[in-house]
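# Secondary and tertiary structure notes
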Amino acid sequence: METTRPFRILGIQQIAIGGLDKGALRKLWVDTLGLTAHGTYRSEKENVDEDIVVAGAGPFKVEVDLMQPVNPDGRPKVHDPALNHVGLWVDDLAVAVKWLEGQGMRFTPGGIRKGAAGFDVCFIHPKASDQFPLSGEGVLIELVQAPPEIIRAFEQAAASAPH
């Protein structure tokens, strides 16, 4: 297995939390914990009705998607498990996906595509298969193409951090 990675994971872009009632999620994350409402997203195809809230600001803000299913009996089951997925900023999504596929990583169907926030995304499957022995080890992981300003901010933060 090749170990020299031609890409970098920069940081957490988002976490997605699901429940049958996003109102209860909103009460916790916005009303109680104080995150800021940012927008909404709804997709019948993806069986999701979500409120997008954020923690932090600027290039280091983290999106928290509060998701409930459009149809509780439909798929995907965005509420099960409750921690639906983790999104990671990556500096070069296309290179990362190609390299990871070469390592045997299993991705969900759909390849690289536009995500709800407008960034290119690709999902690492939570379960391995015979054909693809690497996976998210039980966690759905969204790789998110970082825009140039996010890449620069992470590079500047890393350069100024004590070593």
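Here, the structure is the one placed above.
Please read all numbers here as calculations on a predicted model, not as lab measurements. Along each chain, residue indices are assigned from 1 in the same order as the chain's sequence is written. Residue-level local features of this predicted model are given only where pLDDT is at least 70; pairs of side-chain atoms are given and counted only at 80 or more, and the full residue set underlies all totals for whole chains, interfaces and linings. For side-chain calculations, the full set of non-hydrogen atoms in the structure is used, while hydrogens and water are omitted.

## Observations regarding the overall build of the protein chain
Strands here mean DSSP runs of E at least two residues long; helices mean DSSP runs of H or I at least four residues long; both are numbered from the N terminus. A tally of regular secondary structure across the protein chain gives three helices and eight strands. Counting helices and strands in the order they occur from the N terminus, the protein chain gives β-α-β-β-β-β-α-β-β-β-α. For the protein chain, the C-alpha radius of gyration of 16 Å lies close to 15 Å, the compact-globule estimate for 163 residues. For the protein chain, the C-alpha atoms occupy an extent of roughly 45 × 45 × 25 Å along the three principal directions. Contacts: residue pairs with any heavy atoms within 4.5 Å of one another. Nonlocal contacts in the protein chain, meaning residues at least 24 apart in sequence, comprise 57% of its contacts between residues at least 6 apart. Throughout, the radius of gyration refers to the C-alpha atoms, and the reference size of a globule is 2.2 Å times the residue count to the power 0.38.

## Points about unusual backbone geometry
With an omega of -5°, the peptide bond between Arg75 and Pro76 qualifies as cis. Assignment of secondary structure puts Pro76 in the loop between strand 4 (62–68) and strand 5 (83–90). Looking along the chain, the bond that leaves Asp80 and enters Pro81 is cis, with omega of 10°. Take Pro81: it is sitting in the loop between strand 4 and strand 5.

## What to know about the packing of aromatic side chains
Only Phe, Tyr and Trp rings take part, Trp by its six-membered ring, and two of them pair if their centres are within 6.5 Å. Stacked means planes under 30 degrees apart, edge-to-face means over 60, and tilted covers everything else. Applying the stated criterion to the full structure yields three aromatic pairs. A centroid spacing of 5.7 Å and a plane angle of 65° characterise the contact between Phe7 and Trp99, whose relative ring orientation is edge-to-face. Within this pair, whereas Phe7 is found in the segment before strand 1 (9–18), its partner Trp99 is found in helix 2 (residues 93–103), the two being separated by 92 residues in sequence. In terms of burial, Phe7 and Trp99 fall into one category: buried. Between Trp89 and Phe119, the ring centres sit 5.1 Å apart and the planes meet at 85°, which makes this aromatic pair edge-to-face. Remark: Phe119 occurs in the loop between strand 6 (113–114) and strand 7 (120–124) and Trp89 occurs in strand 5; sequence separation between them is 30 residues. The buried category is assigned to Trp89, whose relative accessible area is 5%. Buried means the residue's accessible area, taken with a 1.4 Å probe over protein chains only, is under 20% of the maximum for its type, while exposed means over 50%, and partly exposed covers the values in between.

## Comments concerning the environment of Ala116
Along the chain, Ala116 turns up in the loop between strand 6 and strand 7. The spatial distance from the C-alpha of Ala116 to the C-alpha of Val97 is 19 Å, given a sequence separation of 19 residues. Apart from residues lying up to four places away in sequence, Ala116 is in contact with Tyr41 and Glu50.

## As for helix 2
Note on helix geometry: an α-helix contains 3.6 residues per turn, so any two residues three or four positions apart are oriented the same way. The set of residues buried in helix 2 consists of Leu93, Ala96, Val97, Trp99, Leu100 and Gln103. Residues of helix 2 that are buried in the fold lie against strand 5, strand 7 and strand 8 (140–145). A positive phi of about 100° marks Gly104, the residue just after helix 2.

## Some points on the sheet that holds strand 6
Through backbone hydrogen bonds, the strands of a sheet pair up, either in parallel or in antiparallel fashion. For two strands to pair, DSSP has to find at least two bridges joining them. What the eight strands build is an open sheet, ordered 2-3-4-1-5-8-7-6; its pairing is mixed. Only two strands of the sheet have a single partner each, and these edge strands are strand 2 (36–43) and strand 6. Two strands pair when backbone bridges link them, and strand 1 and strand 5 are joined in this way by seven bridges, in the antiparallel orientation. Across the sheet, residue Ala16 finds its bridge partner in strand 5, namely His85. Lines fitted to C-alpha atoms define the axes here, with helix axes fitted over just the stretch in contact, and angles between the N-to-C directions of these axes take values from 0 to 180 degrees. Helix-sheet contacts for helix 1 (residues 22–32) involve strand 1, strand 2, strand 3 (48–55) and strand 4, and the interaxial angle to strand 4 is about 155°. Against the sheet, helix 2 makes contact with strand 5, strand 7 and strand 8, and its axis sits at roughly 20° relative to strand 7, the strand it touches most.

Distances and angles like these do not, on their own, reveal function.
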